[in-house]
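For reference, the chains in residue letters:
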Amino acid sequence: MTTFLTNDKNNKEVYKKMLDEVSAAVADAFVDERAYSGPTPDELKKIIHQESILPEKGLGWDAVFKSTKEKILPNLLRTPSTDYMAHLHGPSLVETIAAETIISTFNQSMDSWDQSPVATEIEVEVINHLCKLYGYDKNADGVFTSGGSQSNQTAIILARDWFCNEHLKYDVKKYGINDKCLKLRMYTSEISHFSMEKSAHILGLGYQSVVKVPVDNHKKMDIAALKTLIEADKKAGNIPFLIVGTVGTTDFGSIDPLPEIVEIAKQNNMWVHADAAYGSGVIMSDKYADRVAAIKLCDSVTVDFHKMFLMPISCSAVLVKNGQTFSALTIHADYLNREEDEEDGYTNLVDKSLQTTRRFDALKVWISFQTRGKDGWAKLINTSMENAAYLYEQLSKDKDFEVLTKPEISSLVFRYKAKENADEINKIVRRKLIHEHGIVIGQTVSNEYTFLKFTLLNPLITHEKLDELKDLIKSLAESVK
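Residues numbered from 1 in each chain as written. Predicted model: local features only at pLDDT ≥ 70, side-chain atom pairs only at ≥ 80, totals over all residues. Heavy atoms only, no water.

## With respect to a nonpolar patch on the surface
Side chains of Ile 48, Ile 72 and Leu 76 sit close together on the surface and give an oily, nonpolar patch of about 260 Å² of accessible area. By the secondary structure assignment, Ile 72 is in the loop between helix 3 (61-71) and strand 1 (84-85). A relative accessible area of 38% places Ile 72 in the partly exposed class. (Patch = residues over 30% accessible without salt bridge, like charges linked within 9 Å, V, L, I, M, F, W, Y side chains within 5 Å. Areas by Shrake-Rupley, 256 points an atom, 1.4 Å probe, with all protein chains shown as cover. Salt bridge = Lys/Arg side-chain N within 4 Å of Asp/Glu carboxyl O. Helix = DSSP H or I, 4+ residues; strand = E, 2+ residues; numbered from the N terminus. Buried < 20%, exposed > 50% of the residue type's maximum accessible area, 1.4 Å probe, protein only.)

## Focus on empty space enclosed by the protein
In total, this model carries 1 cavity of 30 Å³ or more according to the counting rule given. Counted as a void, the largest cavity has a volume near 40 Å³. Along the walls of the largest cavity sit Met 308, Leu 310, Leu 380, Ile 381, Ser 384 and Leu 457, which together make up its complete lining. Among the residues forming the lining of the largest cavity, the class breakdown is 5 nonpolar, 1 polar and no charged. (1 Å grid on protein atoms, 1.4 Å probe; cavity = no way out; pocket = protein on both sides within 12 Å on 5 of 7 lines; lining within 4 Å. Points joined across faces, edges and corners; volume = space filled by probe spheres on them. Nonpolar A, V, L, I, M, F, W, Y, C, P; charged D, E, K, R; others polar.)

## Overview of the sheet that holds strand 4 (residues 210-213)
Spatial ordering of the open sheet is given by 2-8-7-6-5-3-4, a layout of 7 strands whose pairing is mixed. The open sheet has two free edges, formed respectively by strand 2 (141-145) and strand 4, since each of these has just one partner strand. Direction aside, the axes of adjacent strands within the sheet are offset by 20° on average. One ladder, built from 5 bridges, connects strand 7 (residues 300-304) with strand 8 (residues 316-320); its direction is antiparallel. In the sheet register, Thr 302 faces strand 8, and the bridge partner there is Val 318. (Pairing = 2+ DSSP bridges. Axes fitted to C-alpha atoms, helices over the stretch in contact; angles between N-to-C directions.)

## What to know about the layout of surface pockets
Reported here for the largest pocket is a volume of approximately 1,500 Å³. Considering the residues around the largest pocket, the lining is formed by 42 residues, among which Val 26, Ser 92, Ile 97, Glu 100 and Pro 312 are closest to the centre. Mapped onto the lining of the largest pocket, the elements with two or more residues apiece are helix 1 (9-28), helix 4 (94-106) and helix 12 (362-396). Per-element accounting of the lining of the largest pocket gives the leading share, 9 residues, to helix 1. Partitioning the lining of the largest pocket into residue classes produces 26 nonpolar, 13 polar and 3 charged. Reported here for the second largest pocket is a volume of approximately 440 Å³. Lining the second largest pocket are 16 residues; nearest its centre among them are His 129, Leu 133, Met 284, Phe 369 and Lys 374. Of all the elements, helix 12 adds the most residues to the lining of the second largest pocket, at 8 residues. Residues that form the lining of the second largest pocket fall into these classes: 10 nonpolar, 4 polar and 2 charged.

This is how it looks when you write it as structure tokens:
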């Protein structure tokens, strides 16, 4: 059996045949519009169970692929389906799927130039363009990461080290956490992403360092509460160093008031990070980009391309207004990122990354941005945002539904109203949609009540489709009351 793709003619033919077989089987797995084929967890366990996945003798590609086609492909979640709208996890643009083939086949590692020559130069170029897109100047910089959690963690590390160096006159990179560092406090919305707490834990600051700020009726950070919490911490001897504004909360898509947050940060010598893992895509809209324009005021921003940008997992980046702050992550090794090479113009991206080995994800952005252009991207983003606005209007007019907030991006949180057992009814409806209809929607909790959630990332969803789903949810709810 062929082991690798090489310049050998036979190897090339095997590679092309294998990829042709895979692409045909994947396409054939899309047998209907449903997002999911329906099996329960117990049923899936039985379907895929094998005595061993490591036989004494290899079964060969044909036998293994036959089993894969029969057991796995039919039961994979079909994210391109218009019946999938549960999470910030959507379909992948076809050109980015093609890019993934290039990425996987050539298997570049983005830590040093000699492991990824042209790939390194592409990532640098893409980062430069992204910095301009979000309103940063030539002093800005960035790096691709595994996702929003790692982008947020990177920004928090840079913010901590910057603050310790500039304001505490202490080199935490060299000497580690001291008693003063344990008094550091960061402020974030009470409905912000859990990566804030995770990052605080990893940095040795603990959950105690994360101050959760209440939100208003529109699910945005309450500015008055933020001011009060900062002043209370200062009086208590704690040290405010960072405010994280969320640009698109996970459930509601709400956007924190960044200009007011930045003003408060300036008054207190604090760093501002914009967690725009969700909302960063809005910048591509020709109608709604102003909703996220204040990102340019922040010291750093998380951008996720595997959410609103509709690219395969994983693909994210963190951008910083002052690229020099990446020095917090730089350490040289003779076997990898030699200073002498960098002096001669060889860029080693590991200098600003938490990861060492890292994928060439920038290629997906490079290819898709040029393929679609500003007009194509605007259409994709506008459609999803306007779908959410349409559904909000329809649900708001229907006495059988309760809607929490008017969407700013493309998420809508709502529930079927019932005099009794409303929480249980909504939970049952969601399960019935998954296992009986192949429709996957989200579920969350607000004010201790169970709500359903549509995350409308797929621009193929139509108003007619949304009307049908609303009617189906109502019908299922009435059948289980």
